[in-house]
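One letter stands for each residue in the lines below.
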Amino acid sequence: GAGVSQSPSNKVTEKGKDVELRCDPISGHTALYWYRQSLGQGLEFLIYFQGNSAPDKSGLPSDRFSAERTGGSVSTLTIQRTQQEDSAVYLCASSLAGLTDTQYFGPGTRLTVL
Amino acid sequence: AQSVTQPDIHITVSEGASLELRCNYSYGATPYLFWYVQSPGQGLQLLLKYFSGDTLVQGIKGFEAEFKRSQSSFNLRKPSVHWSDAAEYFCAVGTLFYNQGGKLIFGQGTELSVKP
C-alpha cells in the first residue's frame, strides 16, 4: 500500500517568509509525528498528534513553528518568518497508534532558507 | 533526561566481514529501543525494536541487536555485511506519552561504508 507522502520534496525560501510543509500519513494510522533532521542537531522530535487528543508540542523549537492535523489525516507544519537555522529536512512519520507500533517515515521535505 | 549515544560516527568494514554498531542509552525506566537505517535518498526504515522479553532481537535484512540492561546498551550486529548495507544507522529510545503514544529520541547516527 501507499506509504507516508510529503510535499514538496524541496523548498527554497527567503529569510523572513512563511512556509507550509504537508504530510499525508498512511491510511488508518492515528498517530502522526514530525521530526527535523539537520547537520548540527541530528534527528529531533517536533510534534505528535494522536487521534483527537491535544497534540504534544514539546519539541517545537520556537513559537514560529506550528502544526495542525485536519480530519485526523493530513498534517501541515507551518514555519513563520523563516530563519537560516530552520534549514533542515523535515520528516513526517505515522503509526497505527502507540509507541510500540512501528513509525513509518516519509521521504522528507528539504527546506533551504536563503 | 533520556538520551542516546552512538560513539562511532563512521565505520568502514569489508564486504563479508561482521559488523557491530554501538548504542548506549540513558533512560529511567524500561526502555523502548529501536534501530533505523537511512539509505541515500531514502527515508528511515525500521530494522528492529525491543520492548521486553528476549534480549536478543532479530530484525530485517539479517540484523540483530542485543539489549544489555547492565551496560545500558543496545548494539546492532550483522554476521556478514553486504555492499548494500552501506547507509546511516540510527539508534533510538522511545519515550511514552500519557496516551501511550511516544516520541523517538535518536542518536547522532553511524555512517557505515562497505569496502569491496
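Please refer to the structure higher up on the page.
Per chain, residues are indexed from 1 in the order of the written sequence. Chains carry letters from A onward and ligands carry numbers from 1 onward, assigned in written order. It should be noted that, the model being predicted, local features are given only for residues of pLDDT at least 70 and side-chain atom pairs only at 80 or more, the latter also being counted only at that level, while totals for whole chains, interfaces and linings use all residues. Side-chain descriptors were evaluated using all non-hydrogen atoms of the structure, hydrogens and water having been removed beforehand.

Chemist: I'm lost on the overall build of chain B in this one. Help?
Modeler: Looking only at helices and strands, chain B has zero helices and twelve strands in total. The order of α-helices and β-strands along chain B, N terminus first, is β-β-β-β-β-β-β-β-β-β-β-β. At 14 Å, chain B has a C-alpha radius of gyration in line with the 13 Å of a compact globule built from 116 residues. Projected onto its principal axes, the C-alpha positions of chain B cover 45 × 30 × 25 Å. For every residue, the accessible area obtained with a 1.4 Å probe (protein chains only) is divided by the maximum for its type, and the residue is called buried under 20%, exposed over 50%, and partly exposed between those limits. Across the 116 residues of chain B, 48% fall into the buried class. By sequence separation, contacts in chain B at least 24 residues apart represent 53% of the contacts at least 6 residues apart. All accessible areas in this document rest on Shrake-Rupley with a 1.4 Å probe, and a residue is counted as covered only by the protein chains that are shown. A total of about 5,600 Å² of accessible surface is found on chain B, and carbon and sulfur atoms cover 48% of it. In this tally, Asp and Glu contribute negative charge and Lys and Arg positive charge; neither His nor the terminal groups of the chain are included. Throughout, a charge is located at the NZ atom of Lys, the CZ atom of Arg, the CG atom of Asp or the CD atom of Glu. Between the mean site of the 9 positive side-chain charges and the mean site of the 9 negative ones, chain B shows a separation of 5 Å. Numbering goes from the N terminus for both helices and strands, where a helix is a DSSP run of H or I of at least four residues and a strand is a run of E of at least two. Radius of gyration: C-alpha atoms only; globule rule: 2.2 Å multiplied by the number of residues to the exponent 0.38. Any two residues whose heavy atoms approach within 4.5 Å at even a single point are treated as in contact.

Chemist: Where do I start with the state of the cysteines in this structure?
Modeler: Note: disulfide means a covalent bond formed between the sulfur atoms of two cysteine side chains. All names here are of chain A. Here, a disulfide means two cysteine sulfur atoms that sit within 2.5 Å of each other. Enumeration over the complete set of coordinates arrives at two disulfides over all chains. Between the sulfur atoms of Cys23 and its disulfide mate Cys92 the distance is 1.8 Å. Measuring the twist about the S-S bond at about -65 degrees, one finds the Cys23-Cys92 disulfide to be left-handed. With Cys23 in strand E3 (residues 19-24) and Cys92 in strand E8 (residues 88-95), this residue pair connects regions lying 69 residues apart in the sequence. For Cys23, a relative accessible area of 0% corresponds to the buried category.

Chemist: Sorry, what's going on with the pattern of salt bridges here?
Modeler: For side chains bearing opposite charge, pairing can occur when the charged atoms are close. Residues and elements named next belong to chain B. Take a side-chain nitrogen of Lys or Arg and a carboxyl oxygen of Asp or Glu: if they are within 4 Å of each other, that pair is a salt bridge. The final tally for this structure, using the stated rule, is seven salt bridges over all chains. A salt bridge links Arg22 to Asp8, with the nearest nitrogen and oxygen atoms 2.9 Å apart. A residue pair is termed long-range when its members are at least 10 positions apart, and Arg22 in the loop between strand E3 (19-21) and strand E4 (24-26) and Asp8 in the loop between strand E1 (3-5) and strand E2 (10-14) qualify at 14 residues. In this structure, the salt-bridge partner of Asp85 is Lys78, at a minimum N-O distance of 2.8 Å. Here the two residues Asp85 and Lys78 agree in accessibility, since each one is buried.

Chemist: What is the right way to look at the sheet that holds strand E7 (residues 75-79) of chain A in this model?
Modeler: Remark on secondary structure: sheet strands pair via backbone hydrogen bonds, oriented parallel or antiparallel. Residue and element names in this part refer to chain A. Pairing is antiparallel across the open sheet formed by four strands, whose spatial order is E1-E3-E7-E6. In the strand order of this sheet, the two ends are held by strand E1 (5-7) and strand E6 (65-69), each with one partner. Strand-to-strand twist of the sheet, defined as the mean angle between neighbouring strand axes without regard to direction, takes the value 15 degrees. A pair of strands is considered paired only if DSSP assigns at least 2 bridges between the two. All axes are obtained by fitting lines to C-alpha atoms, using only the stretch in contact for helices, and the reported angles, taken between N-to-C directions, cover 0 to 180 degrees.

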